[in-house]
Amino acid sequence: MAALSGGGPQTPSVVVAPVDLSARIDEALAVQALAFGLSDDEVEVRRHIVYRHLLHPGARALGALTETGRLVGFVYGMPNSRTHWWSTVVEPYLRRNGTDSWLDDSFVITELHVHPGFQGRGIGRSLITTITDSVEQPRSILSAIDIESPARGLYRALGYQDLARQVMFPSAPSPYAVMGAPLPLLRDN
């Protein structure tokens, strides 16, 4: 478990710990909807996707919990497989760049979201470093919207580099970047 300080009476302490994401799916999707701007219909689609992902061997999840047990952030991922839908979409982009070997022996960060009211406090960093510290794979991959954002800045600070850009997922309105980093992730000096 990783504890993060509150910063005052209006921002309670947060602890990063394993969670049963399938049991807390409504809370997690509410955080994702706020952080990512999802509609109710998109939330329902994602509900089924999360349940399916959590059935994969090696899938794991962490939550960021306040002192009262409120879920204010989460991350989940799994060992990557070229047969996963995500891999089949990104593989042609990676192959074009000569980086498709990253699909092998990698842990994929499937989702990482922090409630907007709790962002900027190191919660996302703690979630992603804690989950990747617990895996056997020598590297991690993820996708993020292909814009300069705090999330992409965080990933770069942790050692992730662009493997492919302008990756289009079916039904996604914006292009994504696929990023990869050797494990363990970089830490602040």
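This text follows the structure it describes.
Because the structure is a prediction, the values reported are computed rather than measured.

So, how was this worked out
- Residues numbered from 1 in each chain as written.
- Predicted model: local features only at pLDDT ≥ 70, side-chain atom pairs only at ≥ 80, totals over all residues.
- Heavy atoms only, no water.
- Helix = DSSP H or I, 4+ residues; strand = E, 2+ residues; numbered from the N terminus.
- Contact = heavy atoms within 4.5 Å.
- Core = buried A, V, L, I, M, F, W, Y, C linked by side-chain atoms within 4.5 Å.
- Buried < 20%, exposed > 50% of the residue type's maximum accessible area, 1.4 Å probe, protein only.
- Salt bridge = Lys/Arg side-chain N within 4 Å of Asp/Glu carboxyl O.
- Pairing = 2+ DSSP bridges.
- Right-handed = clockwise from strand over helix to strand, strands pointing away.
- Axes fitted to C-alpha atoms, helices over the stretch in contact; angles between N-to-C directions.
- Parallel < 35°, antiparallel > 145°, perpendicular 65-115°, else oblique.
- Left-handed = near helix turned anticlockwise from the far one by under 90°.

**Student:** Which parts of the structure should I look at to understand the environment of V31?
**Tutor:** Mapped onto the elements, V31 comes out in helix α1 (residues 25-36). For the pair V31 and F74, spaced 43 residues apart in sequence, the C-alpha separation works out to 8.3 Å. Beyond its immediate stretch of four places on either side in the chain, V31 contacts L71, V72, G73, F74, H113, V114 and H115.

**Student:** Where do I start with the nonpolar core in this structure?
**Tutor:** Note that soluble globular proteins tend to have their nonpolar side chains buried in a common cluster. Of all hydrophobic cores here, the largest spans 26 residues; its most connected members are I109, L127, I128, L142, Y155 and Y160. The set of elements that each furnish at least two residues to this core consists of β2 (14-18), β3 (60-66), β4 (71-79), β5 (106-114), α4 (123-133), β6 (139-145), α5 (150-157) and β8 (176-182).

**Student:** Explain the pattern of salt bridges here, please?
**Tutor:** Where charged atoms of side chains with opposite charge meet at close range, the side chains can pair. Scanning the model with the defined rule gives 13 salt bridges in all. The partner of R82 in a salt bridge is D104, and the shortest N-O contact between them spans 2.8 Å. Of this pair, R82 sits in the loop between β4 and α3 (85-97) while D104 sits in the loop between α3 and β5, and the two are 22 residues apart along the sequence. Here D162 makes a salt bridge to R165, at a shortest N to O gap of 3.8 Å. A relative accessible area of 41% means that R165 is categorised as partly exposed. A network of salt bridges, in which partner residues are shared, links D146, R152, D162 and R165.

**Student:** So what exactly am I meant to see when it comes to the environment of I25 here?
**Tutor:** Structurally, I25 is set in helix α1. Overall, I25 belongs to the buried group, its relative accessible area being 4%. For the pair formed by I25 and Y51, sequence separation is 26 residues and the distance between their alpha carbons is 8.5 Å. In this structure, I25 is in contact with R47, V50 and Y51, ignoring residues within four places of it in sequence.

**Student:** I'm lost on unusual backbone geometry in this one. Help?
**Tutor:** With the exception of glycine, most residues fall at negative phi, and the peptide bonds are largely trans. A cis amide bond links L183 to the next residue, P184, at an omega of 0 degrees. Along the chain, P184 turns up in the segment after β8. For D105, which is not glycine, the phi torsion reads 55 degrees and is therefore positive. As for its position among the elements, D105 is in the loop between α3 and β5. Backbone geometry at Q166 places phi at a positive 60 degrees, although glycine is not the residue there. In this fold, Q166 is placed in strand β7 (residues 161-167).

**Student:** Would you explain the pairing of β6 in this entry?
**Tutor:** The side chains of a regular strand alternate, residue by residue, between the two faces of the sheet. For β6, the buried fraction is high: 5 of the 7 residues fall into the buried class. As defined by bridge partners, β5 adjoins β6 across 4 bridges and the pair is classed as parallel. Looking at the pairing, F107 lines up with S140 of β6. Crossover handedness for the path β5 to α4 to β6: right-handed.

**Student:** Is there a simple way to think about the packing of α1 against helix α2 (residues 40-54) in this case?
**Tutor:** Helix-helix packing: each pair is described by the crossing angle between the helix axes and the interaxial distance. With their axes 10 Å apart at the nearest point, α1 and α2 run at an angle of 125 degrees to one another. The orientation of α1 with respect to α2, classified from their angle, is oblique. Once α1 is placed against α2, the crossing between them reads as right-handed. Contacts between α1 and α2 involve I25, D26, L29, Q32, A33 and F36 from the first element and V43, R46, R47, V50 and Y51 from the second.

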